[in-house]
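The primary structure of each chain is shown beneath.
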Amino acid sequence: MSDEEHHFESSESGASKTYPQQAGNIRKGGHIVIKGRPCKVVEVSTSKTGKHGHAKCHFVAIDIFTAKKLEDIVPSSHNCDVPHVNRVDYQLIDISEDGFVSLLTDSGSTKDDLKLPTDDGLASQMKSGYEEGKDVVVSVMSSMGEEQICAVKEVGGAK
């Protein structure tokens, strides 16, 4: 046996954040990674092949977390990275003074690492529902190691 000590650093389950998909197969409404950001495709146009070239796909997409518009042009035969996007619903338990929310997971444990959304409409809807004592359910979108509250629903009346 060797005397070397092996040191492995890993903080994830090993699952990939993206998977490859041929650019020509990505459609409007799908997801794509542009400039390292997970985006939802809002427009796809394909150009014809030139004398010596590939058909090209022009993607217009919106970042799912920052809502910024990004564009990319890729040969249709090449692979693009497509992010794994998950959406999970949690029940709101508490909103702390510093803007963090406490959420109840399906397993009964709490999730305390998310801030109030930057969208003022969503944040005020969460606060008003919470202050009125309603059951508030929030949808959390996660992709490529980022998470953000993307939707809020009020369920039922006062407790």
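As the structure is a prediction and not an experimental result, all values here were calculated from the model.

Asker: Help me understand the overall build of the protein chain in this model?
Answerer: Assigned secondary structure in the protein chain consists of 1 helix and 11 strands. Scored against the burial criterion, the 159 residues of the protein chain give a buried share of 31%. Once local pairs closer than 6 in sequence are excluded, the contacts in the protein chain between residues at least 24 apart make up 49%. Within the structure as shown, the protein chain displays about 10400 Å² of accessible surface, and the carbon and sulfur contribution to it stands at 48%.

Asker: Before we go on, may I ask you to explain the environment of Gly24 in this structure?
Answerer: Tracing the backbone through its elements, the reader meets Gly24 in the loop between β1 (18–22) and β2 (31–34). Taking relative accessible area as the criterion, Gly24 reaches 24% and is therefore assigned partly exposed. Placed 32 residues apart in sequence, Gly24 and Lys56 show a C-alpha to C-alpha distance of 8.3 Å. With residues near it in sequence (within four places) discarded, Gly24 still touches Cys57 and Ser76.

Asker: Would you take a moment to explain unusual backbone geometry for this structure?
Answerer: Most peptide bonds adopt trans geometry, and most residues besides glycine take a negative phi value. Positioned with a positive phi, Lys35 is a non-glycine residue whose angle comes to about 50°. By secondary structure assignment, the location of Lys35 is in the loop between β2 and β3 (37–47). Unusually for a residue other than glycine, Met144 sits at a positive phi of about 50°. In this fold, Met144 is placed in the loop between β10 (134–143) and β11 (146–158).

Asker: Is there a simple way to think about the sheet that holds strand β4 (residues 56–63) in this case?
Answerer: Sheets are built from strands that pair by backbone hydrogen bonding, the pairs being arranged parallel or antiparallel. The strand order across the open sheet built from 4 strands is β2-β3-β4-β5, with neighbouring strands paired in antiparallel fashion. Among the strands making up the open sheet, the edge pair consists of β2 and β5 (69–75). Neighbour to neighbour, the strand axes of the sheet diverge by 45° on average, direction disregarded. Of the strand pairs in this sheet, β4 and β5 are connected by 7 bridges, and their pairing is antiparallel. Bridge pairing in β5 links Phe59 to Asp72.

Asker: Can you walk me through the environment of Thr118 in this structure?
Answerer: With respect to the secondary-structure elements, Thr118 resides in the loop between β9 (110–115) and α1 (120–131). Given a relative accessible area of 71%, Thr118 falls into the exposed group. For Thr118 and Ile149, which are 31 residues apart along the polypeptide, the C-alpha to C-alpha distance reads 9.0 Å.

Asker: It is not clear to me how the pairing of strand β7 (residues 85–95) should be interpreted in this structure. Could you clarify?
Answerer: For a regular strand, the rule is simple: side chains alternate between the two faces of the sheet. With 7 bridges connecting them, β7 and β10 associate as antiparallel partners. Pairing of Val88 across the sheet is with Val140, part of β10. From the end of β7 to the start of strand β8 (residues 100–104), which pair antiparallel, there are 4 residues, and Gly99 there has a positive phi angle of about 90°.

Asker: What exactly am I supposed to notice about the pattern of salt bridges here?
Answerer: Any two side chains of opposite charge can pair, so long as their charged atoms come close to each other. A full pass over the atoms with the stated rule returns 7 salt bridges. Look at the salt bridges and you will find they share partners, linking Arg37, Asp63 and Glu146 into a network.

Asker: Just checking my understanding: could you explain the side chain of Thr105 for this structure?
Answerer: Mapping Thr105 onto the fold places it in the loop between β8 and β9. Relative accessible area serves as the criterion here: at 16%, Thr105 is assigned to the buried category. At 3.0 Å, the side chain of Thr105 and the side chain of Ser107 are in polar contact. Sequence-distant contacts of Thr105, that is, excluding residues within four places in its chain, are made with Tyr90 and Lys111.

What counts, and where the lines are drawn
- All residue numbers refer to positions counted from 1 along the written sequence of the respective chain.
- pLDDT decides what is reported in this predicted model: residues at 70 or higher carry local features, side-chain atom pairs at 80 or more are listed and counted, and totals for whole chains, interfaces and linings draw on all residues regardless.
- Processing note: side-chain calculations cover all non-hydrogen atoms of the structure and skip hydrogens and water entirely.
- Secondary structure elements follow DSSP: runs of H or I of four or more residues count as helices, runs of E of two or more count as strands, with numbering from the N terminus.
- Only protein chains enter the area calculation, which uses a 1.4 Å probe; residues under 20% of their type maximum are buried, those over 50% are exposed, and those in between are partly exposed.
- Two residues form a contact once any of their heavy atoms are found within 4.5 Å.
- Note on areas: Shrake-Rupley, 1.4 Å probe, and residue coverage restricted to the protein chains presented here.
- When DSSP finds two or more bridges between two strands, those strands count as paired.
- Only the stretch in contact is used when a helix axis is fitted, and all axes are lines through C-alpha atoms; the angle between N-to-C directions ranges over 0 to 180 degrees.
- One side-chain nitrogen of Lys or Arg within 4 Å of one carboxyl oxygen of Asp or Glu is enough to make a salt bridge.
- The definition of a polar contact used here is a pair of N or O atoms within 3.5 Å, where within protein one atom must be able to donate a hydrogen and the other to accept one, and adjacent residues in sequence count solely through side-chain atom pairs.

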